Amino acid sequence: MDARPLNVDANSPNDPVFIGVGELPSGRYPERNFIGDLTHVGLRALADARMVPRDVDTILLIPCLHSAVDQADMIFSRMAEELGLIGHLKSSFMVHSGGSTSDNAVRVASGLIASGHARTVLVLHCERWGSADLAEMVTMLSKNGIPNEWEGPTGLQFNAIGALITRRYMHATQSSAEDMASFCVTLRKWAQLNPNAMYRGKPLTVEKVLASKLVAEPLHALECPMLADGAVAFVMTSAEHAKARGIDVTVRVAGSGGCVSHYSVGQEPDLAALGWATAAKRAYEQSGWGPQDAQIAQIYDTYAAVTTIAVEGLGFCAPGDGARWFASGVADPGGKLPCNTNGGMLSAGHTGVGGGTALLVEGVRQLLGRAEPERQVAGVRRCIVGGTGGSYMDAQVLLLERCATGRKS
Amino acid sequence: MTNLIRDEFRAGLARGDLLLQRCNDCGKLNMYPRHACPHCQSPSLGWQKSAGLGVLHSFTVLRAGAPEGFESDLPYALGVIKLEEGVQLLGRLLPDPDGDWHSYRCDDRMQFKAASPESAAHRPCAWFARLAV
């Protein structure tokens, strides 16, 4: 499948751009309220974009997984009422592909804006995993992304899926347990710089990771993500509209690529490769970018191997060197290619479908130059965002770049 | 919900057979079984018995966090088997004589093991073990 360039470029008036982001801290916050968090995070993103709710004509919802009832509230336009947009809002609907939803939400919002079906889109997410009943969530996660006829009877669950990928990856690349654990330590270093991260103030070492109990061999407990409450939001509009509102710094989408490589983990032809190389090739072909063109990357990271496989497919390092690449410190604070600068899902907290959204929002925040000073990477102009969902069924790549008044800065 | 394809596959397991779906038109094998052939879209699909031999692509031993109904199975091992017929599936792995799975390695040669009808009814999945060398 050939990748054609996008129909818009940095000089197109209808070029879709990010203009604001919002986030609430991730972790365990039983005192917070689902609809309240959605409201507050939306208002934060709008304030960041110097907008009010009535500037929005379309709301896209990124699903929560803690409750079907709360998810139904999102689907059936509750936020239109909560934000005072009854009769004003054109459309409100959910986009859902599990962990890769954020990438697909950007594609949907971009398409709506570029084609004229929407002018300004508010994308909202909130998850209450940290405060939900853990046993209930484990059961739910043992059914999502797993074919009930064929794999359900084996007793497969989410950590086991991560473990199957990790085992094959370690075998294929001869990566050591220390190499894999060092990825978690890199993320924890970033989390120390993020006030929204669940594990800020809780440093981690390779020894501590490997001393934690084995839960799904070869994965230790501290190599598995912790379910968290959290909320993120972002605002996209057209370059022309951003300019008309006097917004001089935006982030545009230079291209995207994707590859759905399986549905069932048992049907993935190569658990040490997944769809990353194909997705990256499609994204690079569409944009003219290569792996050397970005200064930072934000890549889905429920388990180390998911991300080490991704950086190999994206061409950040030689095939087979992903875990050792992270272990070298290149993606750490101060490294040559900082990755997952919010601490990622493993250290900022796994907020369900929103974990990937938080990484996306962090990429946009860095490009807008609005991260806290100790975390802001200097001179960031381009960011590679990677997402994946379900049983790592797909690999999704978004290429984002900073623009000033509709032109590349 | 009626699911004839699932029921026929499980009836095979209960008889001690690992069945692979075979397209009656293009002759290709489909795993997991489909409702139309993904290669030629034919709705005419049948079954063939697998020789049960393959290679272990990956595996894990789950020691905590079993799904509801699997708590008493812990610990248990899951593996992705690439069969010699060219299709693959997720199955359960039989333990070593000491009750653990320490002998298993990626790329080990594997063999399907028929389960008892009671086991096949309780856990309708394919069981595999390392091929004795």
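Look above for the structure.
Residues numbered from 1 in each chain as written. Chains lettered and ligands numbered in written order. Predicted model: local features only at pLDDT ≥ 70, side-chain atom pairs only at ≥ 80, totals over all residues. Heavy atoms only, no water.

1. Describing the overall build of chain A
Line of reasoning, step 1. Counting its regular elements, chain A contains 14 helices and 12 strands.
Line of reasoning, step 2. In terms of overall dimensions, chain A is globule-like: its C-alpha atoms have a radius of gyration of 20 Å, near the 22 Å expected for 409 residues.
Line of reasoning, step 3. The C-alpha extent of chain A, read off along each of the three principal axes, is 55 × 45 × 45 Å.
Line of reasoning, step 4. Residue burial in chain A is summarised as follows: out of 409 residues, 67% are buried. (Helix = DSSP H or I, 4+ residues; strand = E, 2+ residues; numbered from the N terminus. Rg over C-alpha atoms; globule rule 2.2 N^0.38 Å. Buried < 20%, exposed > 50% of the residue type's maximum accessible area, 1.4 Å probe, protein only.)

2. Considering the sheet that holds strand β3 (residues 45–49) of chain B
Residue and element names in this part refer to chain B.
Line of reasoning, step 1. Overall, antiparallel pairing links the 3 strands, which are arranged β2-β1-β3 in an open sheet. Both outer strands of the open sheet, β2 (29–30) and β3, are each paired with one neighbouring strand and no more.
Line of reasoning, step 2. As defined by bridge partners, strand β1 (residues 19–23) adjoins β2 across 2 bridges and the pair is classed as antiparallel. Along β2, the bridge assignment pairs R22 with L29. (Pairing = 2+ DSSP bridges.)

3. Some words on the pattern of salt bridges
Residues and elements named next belong to chain B.
Line of reasoning, step 1. Applying the stated criterion across every chain yields a total of 28 salt bridges over all chains.
Line of reasoning, step 2. Residue R130 is joined to D108 by a salt bridge in which the shortest nitrogen-to-oxygen separation is 3.0 Å. One end of the pair, R130, is in strand β8 (residues 127–130); the other, D108, is in the loop between β6 (88–93) and β7 (109–113), with 22 residues separating them in the sequence.
Line of reasoning, step 3. The partly exposed category is assigned to R130, whose relative accessible area is 36%.
Line of reasoning, step 4. According to the relative accessible area criterion, D108 is buried, its value standing at 13%. (Salt bridge = Lys/Arg side-chain N within 4 Å of Asp/Glu carboxyl O.)

4. A word on unusual backbone geometry
Line of reasoning, step 1. Here the residue pair A:E217 and A:P218 is connected by a cis peptide bond, since its omega of 5° sits within 30 degrees of zero.
Line of reasoning, step 2. Along the polypeptide, A:P218 turns up in the loop between β5 (214–216) and β6 (219–220).
Line of reasoning, step 3. The residue after B:L74, namely B:P75, is reached through a cis peptide bond having omega -15°.
Line of reasoning, step 4. Locating B:P75 in the fold gives a position in the loop between β4 (53–62) and β5 (76–83).
Line of reasoning, step 5. Positive phi values are uncommon outside glycine, yet A:S77 reaches one of about 70°.
Line of reasoning, step 6. Tracing the backbone through its elements, the reader meets A:S77 in the loop between α2 (68–75) and α3 (78–82).
Line of reasoning, step 7. A residue is classified by how much of its surface remains accessible, and A:S77, at 28% relative accessible area, is partly exposed.
Line of reasoning, step 8. Phi at A:L274 takes a positive value of approximately 55°, unusual for a residue other than glycine.
Line of reasoning, step 9. One can find A:L274 in the loop between β8 (249–260) and α10 (276–287).

5. A word on the pairing of strand β10 (residues 382–387) of chain A
Residues and elements named next belong to chain A.
Line of reasoning, step 1. Judged by how many residues are buried, β10 sits mostly within the fold: 6 of 6 residues are covered.
Line of reasoning, step 2. Burial of β10 is two-sided: the residues R382, I384 and G386 facing one way and the residues C383, V385 and G387 facing the other way are all buried.
Line of reasoning, step 3. As paired elements, strand β9 (residues 296–299) and β10 share 4 bridges and run parallel to each other. Looking across to β10, one finds that A297 is bridged to I384.
Line of reasoning, step 4. Pairing geometry for β10 and strand β11 (residues 394–404), over 6 bridges, is antiparallel. Bridge pairing in β11 places V385 opposite L398.
Line of reasoning, step 5. If you look at the hairpin formed by β10 and β11, you'll find 6 residues sitting between the two strands, and G390 has a positive phi there, around 55°.

6. Some thoughts on the interface of chain A and chain B
Line of reasoning, step 1. Contacts between chain A and chain B engage 33 residues on the former and 38 residues on the latter.
Line of reasoning, step 2. Interface area, chain A with chain B, both sides summed: about 2,900 Å², of which 57% is carbon and sulfur.
Line of reasoning, step 3. For chain A, the biggest contributors to the area lost against chain B are A:W150, A:T154 and A:Q267; these three give 25% of the whole.
Line of reasoning, step 4. Taken together, the links from chain A to chain B amount to 2 salt bridges.
Line of reasoning, step 5. In this structure, the connection of chain A to chain B is made through 22 residue pairs in polar contact (both at pLDDT 80 or more).
Line of reasoning, step 6. Going through the elements one at a time, α5 (134–141), α6 (158–173) and β5 of chain A are the ones with two or more residues in the side of chain A that touches chain B.
Line of reasoning, step 7. It is α6(A) that contributes the most residues to the side of chain A that touches chain B, 6 residues altogether.
Line of reasoning, step 8. Residue composition of the side of chain A that touches chain B, grouped by class: 14 nonpolar, 11 polar and 8 charged. (Contact = heavy atoms within 4.5 Å. Buried area = accessible area lost by both parts, 1.4 Å probe. Polar contact = N/O pair within 3.5 Å; in protein donor to acceptor, adjacent residues only side chain to side chain. Nonpolar A, V, L, I, M, F, W, Y, C, P; charged D, E, K, R; others polar.)

7. Focus: the packing of α6(A) against helix α11 (residues 304–313) of chain A
Residues and elements named next belong to chain A.
Line of reasoning, step 1. For the pair α6 and α11, the least separation of the axes is 9 Å and the interaxial angle reads 50°. If you check the angle between α6 and α11, you find them oblique. Of α11, the residues touching α6 (which contributes I165, T166, Y169 and T173) are A305, T308, I309 and E312.
Line of reasoning, step 2. The residue inventory of the contact of α6 with α11, partitioned by class, reads 4 nonpolar, 3 polar and 1 charged. (Axes fitted to C-alpha atoms, helices over the stretch in contact; angles between N-to-C directions. Parallel < 35°, antiparallel > 145°, perpendicular 65-115°, else oblique.)

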